[in-house]
Amino acid sequence: MCSKAPKLDVPVKGKRAQSYYEVSGLAPVEEEQASDPAKAKLASKANKAKIRYANTYRLEPYNRVRDYLVRNKAQAILMSKLQQDEYDGASSLSLCASISEEILKALKELNFDRYKYVVSVLIVEKANQAMEVASRWVWDVQRDTWVSAEYETNTFFALALVVACYYE
């Protein structure tokens, strides 16, 4: 099957590779023409090398999360989104999702470096009941933090919980 042959230039999917062996039964791959722009785009992405960054070994962020800024942003977003609303169980799911996305976008604009965020929004109808919210995390007391923001109307209660975890 394989025999020692003189060195050949064999095109391999857009790249030229040097080969010392001639394989019988297989023809070399012909270079594809860039007639299809989608294929050309995929081929150019495949040819680009991944950039690898060296470790910094930095254990502290340059810009730490400031609780009061996060609380103020979350409170302002809750007030602006829920000020005129009445409780509706069917639409509260999509409303919670849109509020949490907006809070997350606002957090990313604050540019706290090396933090990952979890934003959870609850909207609960007021029906003379008690409510307890609990969560558990593997926590780094020095760097991780959490913030809650609340908004209350006559018909419902809204709670936004923002968790910022330091990411090394």
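Since the structure is predicted, the reported quantities are computational estimates derived from the model, not experimental observations.

For the rest of this paragraph, the subject is the overall build of the chain. Broken down by element type, the chain carries three helices and five strands. Along its sequence from the N terminus, the chain presents helices and strands in the succession β-β-α-α-α-β-β-β. Going through the 168 residues of the chain one by one, you find that 24% of them count as buried. Counting only contacts in the chain whose residues sit at least 6 apart along the sequence, the fraction spanning at least 24 positions is 61%. Accessible surface, the chain: about 13,100 Å² in total, of which carbon and sulfur atoms supply 53%.

Below, the discussion takes up the packing of aromatic side chains. The geometry of an aromatic ring pair comes down to the distance between the two centres and the angle between the two planes. Summed over all chains, the structure comprises one aromatic pair. Ring geometry for Tyr115 versus Tyr166: centroids 5.6 Å apart, planes at 70°, classification edge-to-face. Here the residue Tyr115 occupies a position in strand β3 (residues 115-125), and Tyr166 occupies one in strand β5 (residues 156-166), the gap between them amounting to 51 residues. Here Tyr115 matches Tyr166 in class, with each residue buried.

Another point: the sheet that holds β5. Pairing within the open sheet is antiparallel, and its three strands lie in the order β3-β5-β4. The sheet terminates laterally at β3 and β4 (145-152), the two strands that pair on one side only. The mean angle between the axes of side-by-side strands here comes to 15°, regardless of whether they run parallel or antiparallel. One ladder, built from eleven bridges, connects β3 with β5; its direction is antiparallel. Following the sheet pairing, Tyr117 is matched in β5 by Ala164. Strands β3 and β5 of the sheet are contacted by helix α3 (residues 92-109), whose axis makes an angle of about 150° with β3.

Attention now moves to the side chain of Thr145. Along the chain, Thr145 falls in strand β4. On the accessibility criterion, Thr145 (15% relative accessible area) is buried. Within the local environment of Thr145, its side chain forms a polar contact with the side chain of Asp67, the two groups lying 3.1 Å apart. With near-sequence residues (within four places) excluded, Thr145 lies in contact with Val65, Asp67, Trp139, Val162, Val163 and Ala164.

On to the packing of helix α2 (residues 67-82) against α3, then. Look at α2 against α3: their axes get within 10 Å of each other, and the N-to-C directions meet at 145°. Crossing angle aside, the handedness with which α2 passes α3 is right-handed. In this structure, α2 contributes Val70, Lys73, Ala74, Ile77, Leu78, Lys81 and Leu82 to the contact, and α3 contributes Leu95, Ser98, Ile99, Glu102, Ile103, Ala106 and Leu107.

Moving on, we get to the pairing of β5. Of all eleven residues in β5, ten are buried; the element is thus mostly enclosed. Inspection of the sheet shows β4 paired to β5 by eight bridges, in the antiparallel sense. Paired with Ser148 across the two strands is Leu161, which belongs to β5.

Moving on to a nonpolar patch on the surface. Judged by side-chain polarity, Val118, Trp137, Trp139, Val141 and Trp146 come together as a nonpolar surface patch covering roughly 530 Å² of accessible area. Along the chain, the position of Val118 falls in strand β3.

Between its first and last C-alpha atoms α2 spans 22 Å; for 16 residues at 1.5 Å apiece the expected length is 22 Å, and the two agree. What α2 keeps buried is the set Val70, Ala74, Ile77, Leu78 and Leu82. Buried residues of α2, viewed axially, fall in a sector of 105°; they line one side. Check the buried side of α2 and you find it contacts α3, β3, β4 and β5.

Parameters and conventions
- Residues numbered from 1 in each chain as written.
- Predicted model: local features only at pLDDT ≥ 70, side-chain atom pairs only at ≥ 80, totals over all residues.
- Heavy atoms only, no water.
- Helix = DSSP H or I, 4+ residues; strand = E, 2+ residues; numbered from the N terminus.
- Buried < 20%, exposed > 50% of the residue type's maximum accessible area, 1.4 Å probe, protein only.
- Contact = heavy atoms within 4.5 Å.
- Areas by Shrake-Rupley, 256 points an atom, 1.4 Å probe, with all protein chains shown as cover.
- Phe/Tyr/Trp six-rings, centres within 6.5 Å; stacked < 30°, edge-to-face > 60°.
- Pairing = 2+ DSSP bridges.
- Axes fitted to C-alpha atoms, helices over the stretch in contact; angles between N-to-C directions.
- Polar contact = N/O pair within 3.5 Å; in protein donor to acceptor, adjacent residues only side chain to side chain.
- Left-handed = near helix turned anticlockwise from the far one by under 90°.
- Patch = residues over 30% accessible without salt bridge, like charges linked within 9 Å, V, L, I, M, F, W, Y side chains within 5 Å.
- Salt bridge = Lys/Arg side-chain N within 4 Å of Asp/Glu carboxyl O.
- Expected span 1.5 Å × (residues − 1).
- Arc of directions from axis to C-beta.

None of this, on its own, says anything about what the molecule does.
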